[in-house]
Amino acid sequence: MGNDVLRNLRKDFLVEFRSRFALNVSASFAAIVTIAISLTAGGVPFSPKVQAIVLWIVIFFSAMNGLSHIFVREEDQGTALFLRTAVNVDSVFVSKFIFNQAFMAVILAVVTPLYLFFLQVQVLHVAHFIFSVAAGGVSIAAATTILAAMVAKAGGKGSLFTIISFPILLPVLWISISSTSAALNAPSPTGGNLLFLLAFSGFISVISFLLFRFVWLED
Amino acid sequence: MSTAPYCITGEGLAKKFGRNTLFKGISLSVATGESLSITGPNGSGKSTLMKILAGIQQPTAGKINLISGVSIERVQWLSRIGYTGPLVNPYDELTGWENITFASRLADAGERAGRLMEAFGLDLHRDKKVKYYSSGMKQRLKLILAVLNDPPVLMLDEAGTNLDAAGAATLHSYLESVRKEKIIIIATNDPQEEQLCGRTITLG
């Protein structure tokens, strides 16, 4: 299985590196929205709660622009059947899951510094802030991997992915906003929210792994 | 992998899309050393039957098994089947050689792939991205990918599409050379390819 995962990961990174479609769309969206918000706000300071909400809205929609691409591309370009013949089903899921986590990490690395800079956000607890953003990102990428496969199989595009992802990601966004807001100004934020996000990621990853073959193998 | 005897059996296979019955009551058994061609007019269900035999699609009715001593679990079928068809496309952003490296499972796959690329006339184009290949070159690459891992079962759907005379001759000579050690199932309307097989099922 390890060899299959590595082969597929290498292929996915190579294809994405050469086309840069998903990354360009997501990073451009993130940069444009962040700058647009900072310009329209005109220097008016937001409360920490609003800052956290806006940050997660930007992260959510930036991610939605790219996370489904890993499976939608396979169906659109007619390579899904080739992938099925070349890599076993469990390895497909694991490699796509890892790719989406890496993709999400890049999105967070683009969005977060831009957001902090352009909206002049003051972070009181830096470590808690970093863990909150990272744990929220891991949860989003974990939950959306199997949803991307389902949307791709249904012949759907980005909008369908965003719509079906929203109810599943609602608790993640809610907790991530709480945790981020606490990192910005709470006197001493607790780790309960972070634990929830990590537990959610673990649970949804295991369920997705077990169910993936039913999505991937049925035509 | 290809030395152990294999057998594909199907009983009462049928496929419906909505109210439209594509085919029904198809029973077959093909063992190692045997070859079968599936023919019929366009839309008669050749490709669908191939997908069912490869475990890619479920039949609406009937049973299908791949046996090698014991019945093999359906999720494992594609690791034993070299399958190609109009809907199996290599990655356009990768070169021919990168596609082959991606699909390789055997330890000596590099050496074997080199021989196959030479045989199918792609050795001079191995480092070119597939998006710059002609239709015939893509078809040759798809055939190489199907046979690359020396699978015990070969399922080729419209394998001769877009091939020139030299490409078709290479394909036919390859099939002739491996027919005694593999199960070969071909969906085709080409009489020459049909003649390569011992038996024929006609749909429609």
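In what follows, the structure referred to is the one given above.
About the cut-offs
- Residues numbered from 1 in each chain as written.
- Chains lettered and ligands numbered in written order.
- Predicted model: local features only at pLDDT ≥ 70, side-chain atom pairs only at ≥ 80, totals over all residues.
- Heavy atoms only, no water.
- Helix = DSSP H or I, 4+ residues; strand = E, 2+ residues; numbered from the N terminus.
- Rg over C-alpha atoms; globule rule 2.2 N^0.38 Å.
- Buried < 20%, exposed > 50% of the residue type's maximum accessible area, 1.4 Å probe, protein only.
- Contact = heavy atoms within 4.5 Å.
- Areas by Shrake-Rupley, 256 points an atom, 1.4 Å probe, with all protein chains shown as cover.
- Lys, Arg positive; Asp, Glu negative; His and termini not counted.
- Charge placed at Lys NZ, Arg CZ, Asp CG, Glu CD.
- Pairing = 2+ DSSP bridges.
- Axes fitted to C-alpha atoms, helices over the stretch in contact; angles between N-to-C directions.
- Parallel < 35°, antiparallel > 145°, perpendicular 65-115°, else oblique.
- Left-handed = near helix turned anticlockwise from the far one by under 90°.
- Nonpolar A, V, L, I, M, F, W, Y, C, P; charged D, E, K, R; others polar.
- Expected span 1.5 Å × (residues − 1).
- Bend = angle between axes of the 7 residues up to and from the residue.
- Patch = residues over 30% accessible without salt bridge, like charges linked within 9 Å, V, L, I, M, F, W, Y side chains within 5 Å.
- Salt bridge = Lys/Arg side-chain N within 4 Å of Asp/Glu carboxyl O.

1. Describing the overall build of chain A
Then, in step 1: Within chain A, the regular secondary structure consists of nine helices and zero strands.
Then, in step 2: Secondary structure elements of chain A, listed N to C terminal, follow the sequence α-α-α-α-α-α-α-α-α.
Then, in step 3: For a compact globule of 219 residues, the expected C-alpha radius of gyration is about 17 Å, and chain A comes in at 18 Å, within 12% of that figure.
Then, in step 4: Taken over the C-alpha atoms alone, chain A extends approximately 55 × 35 × 30 Å along its principal axes.
Then, in step 5: Within chain A, the fraction of its 219 residues that count as buried is 53%.
Then, in step 6: For chain A, restricting intrachain contacts to residue pairs at least 6 apart in sequence, the fraction spanning at least 24 positions comes to 87%.
Then, in step 7: Accessible surface computed for chain A: about 9,400 Å², of which carbon and sulfur atoms make up 74%.

2. Some details on the overall build of chain B
Then, in step 1: Looking only at helices and strands, chain B features six helices and nine strands.
Then, in step 2: At 17 Å, chain B has a C-alpha radius of gyration in line with the 17 Å of a compact globule built from 204 residues.
Then, in step 3: By principal-axis analysis of the C-alpha atoms, chain B measures approximately 45 × 35 × 30 Å.
Then, in step 4: Intrachain contacts of chain B at a sequence separation of at least 6 include 70% that bridge at least 24 residues.
Then, in step 5: For chain B, the computed accessible surface area is about 8,900 Å², with 49% contributed by carbon and sulfur atoms.
Then, in step 6: Both charge centroids of chain B, one from 23 positive and one from 20 negative side chains, sit 8 Å from each other.

3. Some details on the sheet that holds strand 2 (residues 20–31) of chain B
Residue and element names in this part refer to chain B.
Then, in step 1: The sheet built from four strands is open, its strands ordered 2-1-4-5 with antiparallel pairing. Of all the strands in the sheet, the pair left with one neighbour each is strand 2 and strand 5 (70–71).
Then, in step 2: Bridge analysis of strand 1 (residues 7–17) against strand 2 gives eight bridges, and the strand direction is antiparallel. Following the sheet pairing, T9 is matched in strand 2 by S29.
Then, in step 3: Each of strand 1, strand 2 and strand 4 (61–68) touches helix 1 (residues 46–53); the most contacted strand, strand 1, lies at about 130° to it.

4. Points about the sheet that holds strand 3 (residues 35–39) of chain B
Residue and element names in this part refer to chain B.
Then, in step 1: In space, the five strands of this open sheet follow the order 6-7-8-3-9, with parallel pairing throughout. In this open sheet, the two strands that pair with only one neighbour each are strand 6 (81–84) and strand 9 (199–202). Between one strand axis and the next, the sheet turns through 15° on average, direction left out of account.
Then, in step 2: On the sheet, helix 4 (residues 135–147) packs against strand 6 and strand 7 (153–157) and is oriented at approximately 165° with respect to strand 6.
Then, in step 3: Of the strands in this sheet, strand 7 and strand 8 (183–187) touch helix 5 (residues 165–178), which is tilted by about 155° from strand 7.

5. Some words on unusual backbone geometry
Residues and elements named next belong to chain B.
Then, in step 1: Positive phi, normally seen in glycine, also occurs at E158, with a value near 50°.
Then, in step 2: If you trace the backbone, E158 turns up in the loop between strand 7 and helix 5.
Then, in step 3: A relative accessible area of 24% means that E158 is categorised as partly exposed.
Then, in step 4: One non-glycine residue, N162, adopts positive backbone phi at about 70°.

6. Some thoughts on the packing of helix 6 (residues 89–118) of chain A against helix 7 (residues 126–153) of chain A
All names here are of chain A.
Then, in step 1: Packing of helix 6 against helix 7 leaves a shortest axis separation of 9 Å and a crossing angle of 140°. By the criterion of interaxial angle, the relationship of helix 6 to helix 7 is oblique. With respect to the hand of their crossing, helix 6 and helix 7 are arranged in right-handed fashion. Contacts from F93, K96, F97, N100, Q101, M104, L108, T112 and L116 in helix 6 reach F129, V133, A134, G137, V138, I140, A141, A142, T145 and I146 in helix 7.
Then, in step 2: Looking at the contact of helix 6 with helix 7 residue by residue, the class counts come to 13 nonpolar, five polar and one charged.

7. Concerning helix 9 (residues 192–217) of chain A
Residue and element names in this part refer to chain A.
Then, in step 1: A rise of 1.5 Å per residue sets the reference length of helix 9, with its 26 residues, at 38 Å; its end C-alpha atoms lie 38 Å apart and thus fit the reference within 8%.
Then, in step 2: Taking the largest bend as the criterion, helix 9 deviates by roughly 40°, centred on L211.
Then, in step 3: Within the span of helix 9, buried status applies to L194, L197, F200, S201, I204, S205, S208, F212, V215, W216 and L217.

8. Observations regarding a nonpolar patch on the surface
Then, in step 1: A cluster of nonpolar side chains, F203, V206, I207, L210, L211 and F214 of chain A, forms an exposed patch at the surface whose accessible area comes to about 610 Å².
Then, in step 2: On the accessibility criterion, F214 of chain A (55% relative accessible area) is exposed.

9. What to know about the pattern of salt bridges
Then, in step 1: Considering all chains together, one arrives at 19 salt bridges over all chains under this definition.
Then, in step 2: Between K131 of chain B and E93 of chain B there is a salt bridge, with its nearest N and O atoms 3.3 Å apart. Of this pair, K131 of chain B sits in the loop between helix 3 (109–119) and helix 4 while E93 of chain B sits in the loop between strand 6 and helix 2 (96–103), and the two are 38 residues apart along the sequence.
Then, in step 3: Judged by its relative accessible area of 16%, E93 of chain B falls in the buried class.
Then, in step 4: Through salt bridges that share partners, K11, D12, E16, R73, E74 and K96 of chain A make up one connected network.

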